[in-house]
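What the coordinates show
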There are 2 protein chains.
Amino acid sequence: MSQLNSLLNITKTKKSRLEEVDFDNLQFGKNYADHMMYCDYIDGEWQKPVIAPYGPMSFEPSVKVFHYGQAVFEGMKAFKDDHDDVWLFRPEDNLNRINISSKRMAIPEFPKEYFMESLKTLMQLDKDWVKKGQGNSLYIRPFAIATEPGVSASESNQYRFMIITCPAKAYYSKPVKVLIAQDYSRSADGGVGYAKAAGNYGAQFYPTKLAKEKGLDQIIWTDANTHQYMEEAGTMNIFFRINDKLLTAPTNDRILDGITRRSIIQLAKDEGLDVEIDRVEVKRIIDAAKAGELKEIFGAGTAATIVAVEGFEYDDTYYDLPEMKDSFGMHFKKRLQDIQYNRAEDPHNWRFKI
Amino acid sequence: MSQLNSLLNITKTKKSRLEEVDFDNLQFGKNYADHMMYCDYIDGEWQKPVIAPYGPMSFEPSVKVFHYGQAVFEGMKAFKDDHDDVWLFRPEDNLNRINISSKRMAIPEFPKEYFMESLKTLMQLDKDWVKKGQGNSLYIRPFAIATEPGVSASESNQYRFMIITCPAKAYYSKPVKVLIAQDYSRSADGGVGYAKAAGNYGAQFYPTKLAKEKGLDQIIWTDANTHQYMEEAGTMNIFFRINDKLLTAPTNDRILDGITRRSIIQLAKDEGLDVEIDRVEVKRIIDAAKAGELKEIFGAGTAATIVAVEGFEYDDTYYDLPEMKDSFGMHFKKRLQDIQYNRAEDPHNWRFKI
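Residues numbered from 1 in each chain as written. Chains lettered and ligands numbered in written order. Predicted model: local features only at pLDDT ≥ 70, side-chain atom pairs only at ≥ 80, totals over all residues. Heavy atoms only, no water.

**A few points about the packing of helix H2 (residues 91-104) of chain A against helix H3 (residues 112-125) of chain A**
Residue and element names in this part refer to chain A.
- Between H2 and H3, the shortest axis-to-axis distance is 11 Å and the interhelical angle comes to 135°. The pairing of H2 with H3 is recorded here as oblique in orientation. In the crossing of H2 with H3, the sense of the turn from one axis to the other is right-handed. Taking contact as the criterion, the partners of Pro91, Glu92 and Leu95 in H2 are, on H3, Lys112, Phe115, Met116 and Leu119.
- Looking at the contact of H2 with H3 residue by residue, the classes come out as 5 nonpolar, no polar and 2 charged. (Axes fitted to C-alpha atoms, helices over the stretch in contact; angles between N-to-C directions. Helix = DSSP H or I, 4+ residues; strand = E, 2+ residues; numbered from the N terminus. Parallel < 35°, antiparallel > 145°, perpendicular 65-115°, else oblique. Left-handed = near helix turned anticlockwise from the far one by under 90°. Contact = heavy atoms within 4.5 Å. Nonpolar A, V, L, I, M, F, W, Y, C, P; charged D, E, K, R; others polar.)

**Details of the pairing of strand E8 (residues 76-80) of chain A**
Residue and element names in this part refer to chain A.
- Where burial is concerned, most of E8 is hidden: 5 out of the 5 residues are buried.
- Burial along E8 is two-sided: the residues Met76, Ala78 and Lys80 and Lys77 and Phe79 are all buried.
- Pairing of E8 with strand E10 (residues 137-146) involves 3 bridges; the strand directions are antiparallel. Within the sheet, the bridge partner assigned to Met76 lies in E10 and is Ile140.
- Both E8 and strand E9 (residues 86-89) contribute to a ladder of 3 bridges, which runs antiparallel. Counted as the bridge partner of Ala78 is Leu88 from E9. (Buried < 20%, exposed > 50% of the residue type's maximum accessible area, 1.4 Å probe, protein only. Pairing = 2+ DSSP bridges.)

**Here's the deal with the packing of aromatic side chains**
- Applying the stated criterion across every chain yields a total of 42 aromatic pairs over all chains.
- Aromatic side chains A:Trp46 and A:Phe110 sit 5.0 Å apart centroid to centroid with 80° between the ring planes, which places their arrangement in the edge-to-face category. Of this pair, A:Trp46 sits in strand E4 (residues 45-46) while A:Phe110 sits in the loop between H2 and H3; the two residues are 64 residues apart in sequence, bridging distant segments of the chain.
- Judged by its relative accessible area of 3%, A:Phe110 is buried.
- Between the aromatic rings of B:Trp46 and B:Phe161, the centroid separation amounts to 6.2 Å while the plane-to-plane angle is 90°, which identifies the pairing as edge-to-face. Of the two residues, B:Trp46 is situated in strand E4 (residues 45-46) and B:Phe161 in strand E11 (residues 159-168); the sequence distance between them amounts to 115 residues.
- Note on B:Phe161: relative accessible area 1%, which makes it buried.
- Positioned above the aromatic ring of A:Phe23 is the side chain of A:Lys131, whose terminal nitrogen or guanidinium carbon lies 4.7 Å from the ring centre. (Phe/Tyr/Trp six-rings, centres within 6.5 Å; stacked < 30°, edge-to-face > 60°. Lys NZ or Arg CZ within 6 Å of the ring centre and 35° of its normal.)

**Some details on the domain arrangement of chain A**
Residues and elements named next belong to chain A.
- The domain boundaries assigned to chain A delineate domain 1 (2-168) and domain 2 (176-340).
- Each of domain 1 and domain 2 has a C-alpha centre, and these two points are 28 Å apart.
- Carbon and sulfur atoms make up 60% of the area that domain 1 and domain 2 hide from each other, which totals about 1900 Å².
- Of all residues in domain 1, Phe89, Arg97 and Arg104 bury the most surface against domain 2, accounting for 33% of the area lost on that side.
- Where domain 1 touches domain 2, the interface holds 1 salt bridge.
- Residue Arg262 is joined to Asp93 by a salt bridge in which the shortest nitrogen-to-oxygen separation is 2.5 Å.
- Inspection of the domain 1/domain 2 interface yields 11 residue pairs in polar contact (both at pLDDT 80 or more).
- Contributions of two or more residues to the side of domain 1 that touches domain 2 are made by strand E7 (71-73), E8, E9 and H2. (Domains from an automatic or database assignment. Buried area = accessible area lost by both parts, 1.4 Å probe. Salt bridge = Lys/Arg side-chain N within 4 Å of Asp/Glu carboxyl O. Polar contact = N/O pair within 3.5 Å; in protein donor to acceptor, adjacent residues only side chain to side chain.)

**Let's talk about the UniProt feature "modified residue: N6-(pyridoxal phosphate)lysine" (unreviewed entry) in chain A**
Residue and element names in this part refer to chain A.
- When the UniProt feature table is mapped to this numbering, "modified residue: N6-(pyridoxal phosphate)lysine" (unreviewed entry) covers Lys196.
- Here Lys196 shows up in the loop between strand E12 (176-180) and helix H4 (198-202).
- Excluding residues that lie within four positions of it along the chain, Lys196 makes contacts with Ala71, Val72, Phe73, Glu74, Gly75, Arg97, Ser101, Tyr201 and Leu256. (UniProt positions renumbered as here; feature names shortened; annotations may be inferred.)

**As for the relation of the copies chain B and chain A**
- For these two chains of identical sequence, chain B goes onto chain A by a turn of 180° and a shift of 0.0 Å along the axis, with RMSD 0.0 Å. Interpreted geometrically, this transformation is the action of a two-fold axis. (Least-squares fit on C-alpha atoms with pLDDT ≥ 70 in both.)

**Some details on the nonpolar core**
- Ranked by size, the top nonpolar core spans 54 residues in total, and within it A:Phe66 and B:Phe66 carry the most contacts.
- Sequence-distant contacts of A:Phe66, that is, excluding residues within four places in its chain, are made with A:Phe59, A:Glu60, A:Pro61, B:Phe59, B:Val65, B:Phe66, B:Ala71, B:Phe143, B:Ile145 and B:Ala198. (Core = buried A, V, L, I, M, F, W, Y, C linked by side-chain atoms within 4.5 Å.)

**With respect to the interface of chain B and chain A**
- Listed per partner, the contact involves 63 residues of chain B and 63 residues of chain A.
- Summed over both partners, the interface of chain B with chain A comes to about 5100 Å²; 61% of that surface belongs to carbon and sulfur atoms.
- It is B:Pro61, B:Phe66 and B:Phe205 that lose the most area in chain B upon contact with chain A, and together they represent 14% of the buried surface on that side.
- Our enumeration of links across chain B and chain A arrives at 2 salt bridges.
- Between B:Glu148 and A:Lys30 there is a salt bridge whose closest N-O contact spans 2.6 Å.
- Our enumeration of links across chain B and chain A arrives at 24 residue pairs in polar contact (both at pLDDT 80 or more).
- Every element with two or more residues in the side of chain B that touches chain A is listed here: strand E6 (57-59), helix H1 (64-68), strand E7 (71-73), helix H2 (91-104), strand E10 (137-146), E11, helix H4 (198-202) and helix H5 (205-213) of chain B.
- Pairing of strand E6 (residues 57-59) of chain A with E6(B) involves 3 bridges; the strand directions are antiparallel. Within the sheet, the bridge partner assigned to A:Ser58 lies in E6(B) and is B:Ser58.

Okay, here's the thing in structure tokens:
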């Protein structure tokens, strides 16, 4: 069934797959909602975006994304409130960031009106995939890939921008144990660490696998030069609490400018909390842990919102973190989710109603 | 038409596309030979490899290679001698290297017998795509991509290993102008620079585009920490000649262990040349250029074999290199190609006959 829309070509699914999904036993990233958006960049411009039923697509084996990792992505979430209204959280920030990532990866920027109109249309068509209730959301994955066939090592002249969505429960429900990196590293000065470039993530899988073999869940990356400063956790920015001060690293060309990170910093400042945005020396954290002054560490990112760290390993020593009754992490998780689910005031206009 | 083979499932093309290709006006990476190999990793093992007509394949939009760049590749060439025999060059080195790359990218290693048997079969089926004559070759692109559908940021449990091939003339025929990097960088200590990981290449496109806007063709990357030491050119290792000494950087976790590089070092040592494999300080090269002692710079890689550098830019100053009558680069290019095309002795058994 096709439908006229001035900006998009829309073909609705003939039969929803919603009934096939076991929402009580969701595995993140395994079930996709009925519709997706794709938009091709050909002959120097983005063509009219297409909304179509989610499904496989045909690619030549020589398309550049397979060979050169010329690809970027974003992560967003849609939330449903008690009145069945669907909300996004700071969607224009995601558009801005994917365009920053794209620039670094030599991918053309994606137009704002295509992005926003596609999101709105997808959320309207698939609103039944957004479930009510704490922890439920529809995870939204915009991404762009190089689709020119051709194995010469240069930027593609064809791209496909897509948005796919999948229902999600809380991404990491349990507190995690992390390794503070001393051997491997995530990104270089002058590199692509600040971009959500596909290759930044694949490059972490092996060191993370090694960490998992030691019983740890994730890695906190340190600077590649000296391994003396905390950077980010690869899929999350990292916050440290020493006594009642909240610390996090400044963004730079190695660290992703996380939207959850930015939101927490804003909320913390609103509350008059002592927030220090400066390089976080590993030694300072170790010393604070030994002195009993390190109260908590938590990760912040769209998929997980906020994840408590229950302990970390450094220099083959494992440090337990205390269980805090007045956890900053849990406090900001609640504050963020109250805004996201339309349960609280939204002083900074972060919510976006579909 | 299917054919029995103990190791491979083979389906030959019904109609060759060979006649459609204009071999006098080849654009590298645009025409693919009739057959390709693919082999899926499912349930913890590589399935039986399939040889089939080259063509598009279907992928879900959520496959991990699109999102996380979990992908590696190799570059190889087949050469045809005057007796119509087809030769590969050190093919087991490519297998070893793709398995080193795969390990770093958490991709399972590919079995040697599958690799070698697939190469032999492809070269036999598509031998008419390997053209005789200096500079002609069939470029061979083995690669592996993460094919599990699912946007959670962890290693895939499904992969596809493929080999596609395309006829090639000399990759870079003209001498190139290069920029010595001072802002951007290619890889970090503890990162994936030594692997032929897809994302290493896409990350270079933007800085290279900026260099091209300044009239330069490529970038010689320097160490990300200090930008004081020469590393590699992204698709080539780099050699410097100061008077009659040949210099190149040692391989490390940021620099690809190039097979052409290794072959040149061996040939140079065979000839009793003074070869220094040590960190190459940028300042030393600039000083040598100013003193008239820098005789040449050349890049070495499979696609290009050897490419002469005609000049370089550093600190906004452009340095011309002299035209050498007794160029080391051109000497080793001839020596390598004489071995590759079966025109000379092969003392190290680098040639592999199909």
